[in-house]
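Chain by chain, the residues run as shown.
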Amino acid sequence: MDYFIELLFSGLTRGSIYALIALGYTMVYGIIGLINFAHGEIYMIGAFTAFIVATVLSIYGFPLLAIIVIAGVAAAVWSSAYGYTIEKIAYKPLRHAPRLSPLISAIGMSIFLQNYVLLAQTSDFLPFPALIPEFEFMEPVAHIVGSSDLVILITTTIVMLILTYIIKFTRVGKAMRATAQDRTMAMLVGINVNQIISATFIIGSALAAIGGLLIASHIGQINFYIGFIAGIKAFTAAVLGGIGSIPGAVLGSLVLGLTESFATGYVSSDYEDVFAFSLLVLILIFKPSGLLGKAETKKV
Amino acid sequence: MNTQILKVNGLTMDFGGIRALNSLDLDVNRGEIVALIGPNGAGKTTFFNCITGIYAPTEGEVYLAAPGSDTSVSLKGLKPNQVTEKGLARTFQNIRLFAKMTVLENVMIGRHCRTKAFVLGAVFRNKATRDEEQSILETSYAILQKVGLEQYVNEFANNLPYGAQRRLEVARALATEPLLLLLDEPAAGMNPQETIELEKLIKEISSEGQSILLIEHDMTLVMSLSDRIFVMDYGKKIAEGTPVEIRENPAVIKAYLGEDVDA
């Protein structure tokens, strides 16, 4: 039973990290209909930023909590700057181009960023400082649920609640939903659509950066390539849940995380990806619009 | 003060080889209700699309009087959201509400261009943001009351009866505080009762000093509402004048009914 709970929590932890990244995919898709393949790289850049900031701060002997907060904010801000710039450079000029063009541009951006970080850093795995301490009150259950699992779950939940609030109730959130539904009409009621698209990229990137910080500290090492596989997994999760749907992205991520965790635990860790992508194939065959996605009816 | 609120000079719009608008002049005075009529395909909606920035007109100038001053601003080359910000708001021939949002949210969206809170405000919720949200809410409620939709505030826009959806479009446009309100066939598809209610609503809005330019096919409505009427055919203006003048204008009768075979 302990083993089951352990797998359950590790699945939820994985799932929440996927969710932080998947939200960026789904929000961008919802608003401009583009799969932003460079999004995984944003997450990787977030992890690197957090790594650099955390290393410097720990040399100067900052307390752990301060390091986490400062590194988190720095990663979010820096990644957002990347997200914003990528949209302006690689997607905005192609907004009225055929759908394939921005997709290729996104893949190009992804490869560029990977190699840029490869050159700027190294291809080696870098040891990421353990930012999350082992809490004393967790000791009795430490063999089942780690402290960092707990921190990840709580942080993700808080971030999701804030995001939901922003989307549902604030001026920016309403404008984002309006733009997603009918871009021309949104412009006609006075919404600066370019600004709203930028805001979407900024929010999505900040979420991915927080995910990057959390997972890097959880796993303990990073390199330039972590964005690729995490990006593909999160994209899978977003499609699983129904791309374009925010609750869908969260649900899809949790389902994917749990599937992987149980597959690893009960079958073999070699089959982790096999199960993840088989799930994607099954969903695409039987419910192509995803778990919470609505079937699109094309008007002719 | 300048009495003209909208001034359009020689507006021309070509689509490839087709001239949809041919050197059109039009003006609206402050507080007036002006109607733009013409047979199907005359270019009325194209005209709206040109002045609201959806299409970039081939030639011509559009000026909108700046509020409370003698100067007017050119709308040429502005994007739709900038045009709305300058004070031109419109409704659509086929209803274009944000279907997956509530009635209240649809109107609140209209307040977007008159408010400023952004991502940081949304995250940190400082006092300015909270006050602004409160004022958006209050203004939106007031507008919904004015158009008589207060019982529907939390319904999804696409669940509303047809006539109510039309009124919601008007409410959303009003929320942007337009200098000039553009209505594109507001009575299209309405039953007689709904049309009467719409007429009352337009008169009420107009009595508060709102300038209105409308496209409409329902002649009873046009004749009873309008101070002046412009008539278009094949992208050209063929007549302008008061409802009485228009009713008796031979060019208008010809455009609508065709030429008399015997004549």
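Just so it is clear, the model here is predicted, and its values are computed rather than measured.

Caption draft 1: Structural detail: helix α1 (residues 2–32) of chain A. Here α1 of chain A spans 45 Å end to end across 31 residues, near enough to the 45 Å set by a 1.5 Å rise per residue. Of the residues flanking the end of α1 of chain A, it is G33 of chain A, one or two places downstream, whose phi is positive at about 65°.

Caption draft 2: Looking closely at the pairing of strand β10 (residues 236–241) of chain B. All names here are of chain B. Of the strand pairs in this sheet, strand β9 (residues 228–233) and β10 are connected by 5 bridges, and their pairing is antiparallel. Its bridge partner being in β10, M232 is matched across the sheet by K237. Where β9 folds back on β10, the antiparallel hairpin that results is connected by 2 residues, among which Y234 adopts a positive phi of roughly 45°.

Caption draft 3: Inspection of the domain arrangement of chain B at higher detail. All names here are of chain B. Taken domain by domain, chain B consists of domain 1 (1–87 + 178–263) and domain 2 (99–177). Of note, the centres of domain 1 and domain 2, computed from C-alpha atoms alone, are 27 Å apart. Listed as interface residues are 20 residues of domain 1 and, on the opposing side, 13 residues of domain 2. Contact between domain 1 and domain 2 buries roughly 1,300 Å² in total, counting both sides, with carbon and sulfur atoms accounting for 64%. Among the residues domain 1 hides against domain 2, the three largest losses belong to E85, P178 and L201. Together they make up 32% of the total. Our count for the domain 1 to domain 2 interface comes out at 1 salt bridge.

Caption draft 4: Representation of the sheet that holds strand β1 (residues 4–15) of chain B. Residues and elements named next belong to chain B. One open sheet holds the 4 strands; their spatial order is β2-β1-β4-β5, and the pairing between them is antiparallel. Each of the sheet's edge strands pairs with one partner strand only, and the pair in question is β2 (18–29) and β5 (72–74). Between one strand axis and the next, the sheet turns through 20° on average, direction left out of account. For β1 and β2, the ladder comprises 8 bridges, and the chain directions are antiparallel. The partner of V8 across the bridge, within β2, is L26.

Caption draft 5: Highlighting the interface of chain B and chain A. On the side of chain A, 26 residues touch chain B, which itself brings 31 residues to the contact. Among the residues chain B hides against chain A, the three largest losses belong to F98, H112 and F118 of chain B. Together they make up 23% of the total. Among the elements that make up the side of chain B that touches chain A, the one with the highest residue count is helix α3 (residues 103–110) of chain B (4 residues). Looking at the side of chain B that touches chain A residue by residue, the class counts come to 14 nonpolar, 7 polar and 10 charged.

Rules of the game
Residues numbered from 1 in each chain as written. Chains lettered and ligands numbered in written order. Predicted model: local features only at pLDDT ≥ 70, side-chain atom pairs only at ≥ 80, totals over all residues. Heavy atoms only, no water. Helix = DSSP H or I, 4+ residues; strand = E, 2+ residues; numbered from the N terminus. Expected span 1.5 Å × (residues − 1). Pairing = 2+ DSSP bridges. Domains from an automatic or database assignment. Contact = heavy atoms within 4.5 Å. Buried area = accessible area lost by both parts, 1.4 Å probe. Salt bridge = Lys/Arg side-chain N within 4 Å of Asp/Glu carboxyl O. Axes fitted to C-alpha atoms, helices over the stretch in contact; angles between N-to-C directions. Nonpolar A, V, L, I, M, F, W, Y, C, P; charged D, E, K, R; others polar.

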